Amino acid sequence: MDEFYQELRKIQKKERNNATLARVEENFYSKIHEYMDRLKDEAISDPFSKTLSLLKQSQIIATEICERREKKITEAAVVNIHRSYHLFTGKPQFDLVDTTPLNLTPEEEKFYFSLIDTLKNHRGNISLEKLSDDDSDDEKVIIKPKETQKNTLIPPKETKSNDEVLDRLDKISKAKPIVEEKPKPIQKQIADSKREFIEKPKNQNLEENPNAFDANEEFYDLESKRIAKETELVTMLVFDEIGAIVGVDEKVYGPFRPQDLVTLPLINAKIFFKNRKGRQVKI
C-alpha cells in the first residue's frame, strides 16, 4: 500500500472516532483527485495488477471521509445559528461569535459560510420583526376608485362569514395529530420479506401466477424467473453494525460491521438500502 492510501485510512479512522474535523492539508481534495487519476492510469496500463482493487477501496474511503466531514460542518452551522440568532424573544440579534469549526479546507469554509447565510436568511423570514412588518403592510388602507355605472353592475364578491371561519378553526383544533410510525428492526423486515417471498398470493393473473396457462394452454414458467431475479446476488457496502440474518436462500449472512463489503440476495439487500444501512456497489 502506498503512502497516500495509508494517510486516507488514518483520516478515516479519526473522522469515525472524533466529533470534530480531522486535520487535513488545504489541498486535501486536490490531492485526492490527483491520487485517483494516477491509479486510473496505472490500472489502464496494467489491467491485471492490484491497482484496480486499490482504486476502488480508495474511492470508498475518500467518499466516507467527505460525507462525514459534510455532516459535521452542517451540524456546526445549525448549532451556531441556534445559539446566536434568537427567535420570538424580542428583536432578533445576529450575534454570531467566531465559532467556525477548526481544520476546514478552503472549499469547506466556503460551504460552511454559505450554510450560515442560508440559515440566517431563513430565520430573518420567520422572525417577529419580519412578521410584524408584513402585518402592518396588510393593514394599510387601500383607496378605491370611484364607482362608475359600468363597475356598479358587477356583483360584489362573496366573502366568508365569521361563522364559517370559526367552524373551520374548530375543525382544525379537533383534528387528530399524525403519529409517525416507528420503523421495524431491519432483522424483522428481512424475516417478513422472506415470508412474503415464500408464500404464494391468491387470485393472481397470468403474469403473476407461476402455474398459469394462456389461451393455447401453454405453460408459463414465471416462478423460476421470479425466484432467479429475487435471489440474484449483489455486492453491498454496509454502513452500520447489524447482527446476522437468514437470507431467502436459507443461508446465514453476517454479522455485519461498517465498511464491510458483502454479497447477499437482492431481496434482502433492498431492506438495507431502504433503511439506509448500506448501498449497492458494482465491482
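Up top is the structure these notes are about.
Residues numbered from 1 in each chain as written. Predicted model: local features only at pLDDT ≥ 70, side-chain atom pairs only at ≥ 80, totals over all residues. Heavy atoms only, no water.

A closer look at the packing of aromatic side chains
Then, in step 1: One pass over the full model with this rule turns up 4 aromatic pairs.
Then, in step 2: A ring pair is formed by Phe 4 and Tyr 35, whose centres lie 4.9 Å apart and whose planes are at 50 degrees; its orientation type is tilted. Remark: Tyr 35 occurs in helix H2 (residues 28–45) and Phe 4 occurs in helix H1 (residues 3–17); sequence separation between them is 31 residues. Each member of the pair, Phe 4 as well as Tyr 35, carries the same accessibility label: buried.
Then, in step 3: Summarising the aromatic geometry, the rings of Phe 28 and Tyr 29 are spaced 5.4 Å apart at their centres and angled 65 degrees between planes, so their arrangement reads as edge-to-face. (Phe/Tyr/Trp six-rings, centres within 6.5 Å; stacked < 30°, edge-to-face > 60°. Helix = DSSP H or I, 4+ residues; strand = E, 2+ residues; numbered from the N terminus. Buried < 20%, exposed > 50% of the residue type's maximum accessible area, 1.4 Å probe, protein only.)

Examining the nonpolar core
Nonpolar side chains tend to gather and get buried jointly when the protein is soluble and globular.
Then, in step 1: Formed by 17 residues in total, the largest nonpolar core has its most connected members in Leu 8, Ile 11, Phe 28, Ile 32, Tyr 35 and Ile 65.
Then, in step 2: Contributions of two or more residues to this core are made by H1, H2 and helix H3 (51–84).
Then, in step 3: With 6 residues, H2 is the single largest residue contributor to this core.
Then, in step 4: Sequence-distant contacts of Leu 8, defined by excluding residues within four places in its chain, comprise Phe 28, Ile 32, Tyr 35, Ile 61 and Ile 65.
Then, in step 5: Of all hydrophobic cores here, the second largest spans 14 residues; its members include Val 234, Ile 242, Leu 266 and Ile 271. (Core = buried A, V, L, I, M, F, W, Y, C linked by side-chain atoms within 4.5 Å. Contact = heavy atoms within 4.5 Å.)

With respect to unusual backbone geometry
Then, in step 1: A cis geometry characterises the amide bond from Gly 254 onward to Pro 255, with omega recorded as 0 degrees.
Then, in step 2: The topology assignment puts Pro 255 in the loop between strand S3 (252–253) and strand S4 (261–265).
Then, in step 3: Residue Glu 250 is not a glycine yet carries a positive backbone phi of 70 degrees.
Then, in step 4: The residue Glu 250 is located in the loop between strand S2 (245–246) and S3 in this model.
Then, in step 5: A relative accessible area of 51% means that Glu 250 is categorised as exposed.
Then, in step 6: In this model, Arg 276 sits at a positive phi of 55 degrees, which is unusual for a non-glycine residue.
Then, in step 7: Its location among the elements puts Arg 276 in the loop between helix H10 (266–274) and strand S5 (278–280).

Comments concerning the sheet that holds S5
Then, in step 1: Judged by pairing direction, the sheet is antiparallel, and its 3 strands sit side by side in the order S4-S1-S5 without closing on themselves. The open sheet has two edge strands, S4 and S5, and neither has a second partner. Between one strand axis and the next, the sheet turns through 40 degrees on average, direction left out of account.
Then, in step 2: Relative to S5, strand S1 (residues 233–238) runs antiparallel, the two being bridged by 3 bridges. (Pairing = 2+ DSSP bridges. Axes fitted to C-alpha atoms, helices over the stretch in contact; angles between N-to-C directions.)

Brief notes about the side chain of Glu 15
Then, in step 1: Locating Glu 15 in the fold gives a position in helix H1.
Then, in step 2: Within the structure, Glu 15 has its side chain in polar contact with the backbone nitrogen of Ala 22 (distance 3.1 Å).
Then, in step 3: Apart from residues no more than four positions distant in its own chain, Glu 15 is found in contact with Thr 20, Leu 21, Ala 22, Ile 65, Arg 68, Arg 69 and Lys 72. (Polar contact = N/O pair within 3.5 Å; in protein donor to acceptor, adjacent residues only side chain to side chain.)

So, the environment of Gly 243
Then, in step 1: With respect to the helices, strands and loops of the structure, Gly 243 is situated in the loop between S1 and S2.
Then, in step 2: For Gly 243 and Phe 256, which are 13 residues apart along the polypeptide, the C-alpha to C-alpha distance reads 6.1 Å.

Details of the pairing of S1
As a general feature of sheets, a regular strand has side chains that alternate between the two faces.
Then, in step 1: Here S1 pairs with S4 via 5 bridges, running antiparallel. Among the inter-strand pairings, Leu 237 is bridged to a residue of S4, identified as Leu 261.

Some remarks on helix H4 (residues 106–125)
Then, in step 1: For H4, spanning 20 residues, the distance from its first C-alpha to its last is 29 Å, which sits close to the expected 28 Å at 1.5 Å a residue.
Then, in step 2: Three or more residues of H4 are buried, namely Glu 108, Tyr 112, Ile 116 and Arg 123. An end-on view of H4 places all buried positions within 80 degrees of arc, on one side of the element. Within H4, the exposed residues directed more than 90 degrees away from the buried face are Lys 110, Thr 118 and Asn 121.
Then, in step 3: Where H4 is buried, its residues touch H2 and H3. (Expected span 1.5 Å × (residues − 1). Arc of directions from axis to C-beta.)

Regarding the environment of Glu 42
Then, in step 1: In this fold, Glu 42 is placed in helix H2.
Then, in step 2: For Glu 42, a relative accessible area of 31% puts it in the partly exposed group.
Then, in step 3: A C-alpha to C-alpha distance of 9.8 Å links Glu 42 and Leu 55, two positions 13 residues apart in sequence.
Then, in step 4: Every residue in contact with Glu 42, bar those within four places of it in the chain, is listed here: Ser 49 and Thr 51.

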